[in-house]
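# Analysis of the macromolecular model
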Amino acid sequence: MLATFLIGLREGLEAALVVGILIAYLTRIGRRDVLPRLWVGIALAVTLALAIGAILTFGAYALTSQAQELIGGLLSLLAVGMVTWMIFWMQRTARTLKSSLEGELDRALATGGLWGIVLIGFVSVAREGIETTLLLWSMVRSFGDSPEVLSGALLGIAAAVVLGWLLSRGMIRIDLRVFFAWTGAVLVIVAAGVLAYALHDLQEAGVLPGPFSTAATIDPATGAVGVGWPGFPFGWAFDVRVQIPPTGALAVVLQATIGFMPQMTWLQVIAWTVYLAVVGSFFVRGLRRRPRRSAPSIETASAPSVTETPTAPQGAS
């Protein structure tokens with residue numbers, strides 16, 4: 001529940017901030033008459049995300065188990081790719097997000113086309129919506145049909161909506177640089193776990209070599225699939241299911257936080273380690289390059305507006 005709550009909060013707040021910027025700018029320049037078009041685009045983006053989630057959830061029932069594993073693994077890889085791209089995109093464009101969105105609105109208003117504003121609302125929200133849908137669907141598969149998984153996501157999205165509204169009204173102020181730094185770090189770890197589970201699905205589907213196929217590394221001493229070094233490279237890296245039951249609270253917490261599973265293949269462990277080492281190092285390097293005194297924030301004057309002003313080093317005030 002904690003992992004999906006953080007995902008819903010992070011992705012939902014990104015969308016809420018974008019919507020807040022768009023609405024605030026249209027209000028400030030006296031073009032509230034085009035707000036219905038913007039809301040149409042936002043509604044279409046939300047509908048698309050829900051439709052993708054429904055198709056993935058109910059469409060899988062008509063597939064064979066092998067096809068489910070194959071599609072699940074491929075879509076989980078897509079989710080990891082989208083999350084990784086969005087983390088670095090936000091890190092790179094956070095300080096110029098407001099000016100970029102306002103420039104897109106100016107161009108759409110200048111042309112006078114109906115679909116220009118609709119498209120801006122759709123694209124601005126669809127990115128986060130599709131990414132969130134794929135990531136949450138992948139996590140639901142890895143955790144099973146536990147209601148806490150979906151509940152955490154819904155609570156996170158609801159909290160993001162409330163925070164977005166409070167920010168747009170100027171009732172609270174958050175150092176977004178700190179917020180996105182911490183939640184970005186969490187997403188890197190979550191994405192590493194989703195990557196590991198995706199490879200597990202692909203190994204079960206027979207697309208990748210592993211302990212489920214004829215390519216499994218056999219331990220000559222036992223005649224079974226090897227565990228530990230006897231299982232390298234296509235066996236089990238470890239198997240601690242006796243010490244940490246897969247359905248126990250500890251296993252669930254470890255899987256939700258760091259992507260750990262009581263039984264993991266060598267390919268999973270290697271991919272998890274490489275992803276964290278490479279993506280984590282680039283993420284930390286990006287944080288160090290960013291100005292320490294500048295962070296986007298949302299304030300309110302006579303009408304809601306978005307400004308980029310220095311904030312105190314605290315996480316929120």
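A brief report on the enclosed structure follows. Just so you know, these numbers come straight off a predicted model, no measurement behind them.

### Structural notes on the packing of helix α1 (residues 2–28) against helix α2 (residues 35–59)
- In the contact formed by α1 and α2, the axes pass within 11 Å of each other and the chain directions differ by 170 degrees. Taken together, the axes of α1 and α2 lie roughly antiparallel to each other. Crossing geometry of α1 relative to α2 is assigned as right-handed. Along its contact with α1, which presents V19, L22, I23 and L26, the element α2 presents L35, L38, W39 and I42.
- Its residues assigned to classes, the contact of α1 with α2 shows eight nonpolar, no polar and no charged.

### Re unusual backbone geometry
- With omega at 10 degrees, the peptide bond leading from F232 into P233 counts as cis.
- Tracing the chain through its elements places P233 in the loop between α7 (176–204) and β1 (236–239).

### A short note on the pattern of salt bridges
- Under the definition given, this model contains five salt bridges.
- Among the ionic pairs, E14 bridges to R10, the shortest N-O distance being 2.7 Å. Of this pair, E14 and R10 both sit in helix α1, separated by four residues, roughly a single helical turn. For the pair formed by E14 and R10, the shared burial category is buried.
- Put simply, D33 and R31 hold a salt bridge, and the shortest N to O gap is 2.9 Å.
- Taking relative accessible area as the criterion, R31 reaches 28% and is therefore assigned partly exposed.
- Through salt bridges with shared partners, one network takes in R28, K98 and E102.

### Here we look at the environment of G226
- Tracing the backbone through its elements, the reader meets G226 in the loop between α7 and β1.
- With twelve residues separating them along the chain, G226 and F238 place their C-alpha atoms 9.2 Å apart.
- Ignoring any residue separated from it by four or fewer positions in sequence, one finds G226 in contact with T217, I218, D219, G231, G235 and W236.

### Topic: a nonpolar patch on the surface
- A grouping of L63, L70, I71, L74, L77 and V207 is seen on the molecular surface, where their side chains present a nonpolar patch of about 440 Å² in accessible area.
- Secondary-structure assignment places L63 in the loop between α2 and α3 (65–93).
- By relative accessible area, L63 is classed as partly exposed at 33%.

Rules used throughout
- Residues numbered from 1 in each chain as written.
- Predicted model: local features only at pLDDT ≥ 70, side-chain atom pairs only at ≥ 80, totals over all residues.
- Heavy atoms only, no water.
- Axes fitted to C-alpha atoms, helices over the stretch in contact; angles between N-to-C directions.
- Helix = DSSP H or I, 4+ residues; strand = E, 2+ residues; numbered from the N terminus.
- Parallel < 35°, antiparallel > 145°, perpendicular 65-115°, else oblique.
- Left-handed = near helix turned anticlockwise from the far one by under 90°.
- Contact = heavy atoms within 4.5 Å.
- Nonpolar A, V, L, I, M, F, W, Y, C, P; charged D, E, K, R; others polar.
- Salt bridge = Lys/Arg side-chain N within 4 Å of Asp/Glu carboxyl O.
- Buried < 20%, exposed > 50% of the residue type's maximum accessible area, 1.4 Å probe, protein only.
- Patch = residues over 30% accessible without salt bridge, like charges linked within 9 Å, V, L, I, M, F, W, Y side chains within 5 Å.
- Areas by Shrake-Rupley, 256 points an atom, 1.4 Å probe, with all protein chains shown as cover.

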